[in-house]
Amino acid sequence: MKTVDHYTFQALDNYPYSLMDTIESLDYALAYDKTNVTALCLYGRVYSEQLENYEQAISYFQDALASDVGAVAVYPYFIDALILYNEWDEAERLISFALTLKGINRYTILLRYVHLMEVRGDWKAAMEGIKKLTLASVSNNESEIERLKQRIKTKQSLAKEKPMKKGKNKKK
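Residues numbered from 1 in each chain as written. Predicted model: local features only at pLDDT ≥ 70, side-chain atom pairs only at ≥ 80, totals over all residues. Heavy atoms only, no water.

## So, the overall build of the chain
Item 1. Secondary structure summary: the chain contains nine helices and zero strands in total.
Item 2. Listed N to C, the secondary structure of the chain is α-α-α-α-α-α-α-α-α in terms of helices and strands.
Item 3. Within the chain, the proportion of its 172 residues that are buried is 40%.
Item 4. A separation of at least 24 residues holds for 48% of the contacts in the chain among residues at least 6 apart in sequence. (Helix = DSSP H or I, 4+ residues; strand = E, 2+ residues; numbered from the N terminus. Buried < 20%, exposed > 50% of the residue type's maximum accessible area, 1.4 Å probe, protein only. Contact = heavy atoms within 4.5 Å.)

Here it is as structure tokens:
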């Protein structure tokens, strides 16, 4: 095992429980190899998930994919950061591209697609995504899919409700 791998594994082992140790290990890993995809991706996760600095996170994810566009582990985290940063069009393009990659976990990417459509309020596309998600599922994800479907239906019905006008509820 190379030294860079040692520090990368150490960072993965420390995340998210010991952020200082994670950062220290990532700094060492990137000092040995500034294009280490796993280290760049984990740095992106730290900025996205812990610091909520999505701009910096996106930069790290972009660097990781510039090093290896086929690094399938990067895509779910990158898509999450784009959705949280309200870069919805970019997230949709990345989802479309990710689904063409060999070795990608289609279920994970389609789950992000449904989440994106939910955030956008595109209920029809979200429900179509759930159908694709069901077809892509190869394990016991039925309860997760059912909860997701119910949540989308609930939001859809809430969005259809008309807000009450002021003064309509007054009792005489």
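From this point, the narrative continues.
## Concerning the packing of aromatic side chains
Item 1. Evaluated as defined, the whole model comprises eight aromatic pairs.
Item 2. Ring geometry for Y7 and Y32: centres 5.9 Å apart, planes at 15°, overall stacked. With a gap of 25 residues between them, Y7 in helix α1 (residues 3-14) and Y32 in helix α2 (residues 19-32) connect regions that are remote in the sequence.
Item 3. Accessibility expressed as a relative area gives 51% for Y32, which makes it exposed.
Item 4. Each member of the aromatic cluster is reached from another via a ring pair, and the members are Y7, Y28 and Y32. (Phe/Tyr/Trp six-rings, centres within 6.5 Å; stacked < 30°, edge-to-face > 60°.)

## Here's the deal with the side chain of R112
Item 1. Along the chain, R112 turns up in helix α7 (residues 106-120).
Item 2. Of the residues examined, R112 reaches a relative accessible area of 15% and is grouped as buried.
Item 3. Side-chain polar atoms of R112 contact the side chain of D80, separated by 2.9 Å.
Item 4. Residues contacting R112, with those up to four places away along its chain left out, are P76, I79, D80, I83 and I95. (Polar contact = N/O pair within 3.5 Å; in protein donor to acceptor, adjacent residues only side chain to side chain.)

## Observations concerning α7
Item 1. Over its 15 residues, α7 extends 21 Å from the first C-alpha to the last, a length consistent with the 21 Å expected when each residue adds 1.5 Å.
Item 2. Among the structural elements, α5 (74-84), α6 (88-98), α8 (123-136) and α9 (142-160) are those in contact with the buried residues of α7.
Item 3. G121 lies just past α7 and shows a positive phi near 80°. (Expected span 1.5 Å × (residues − 1).)

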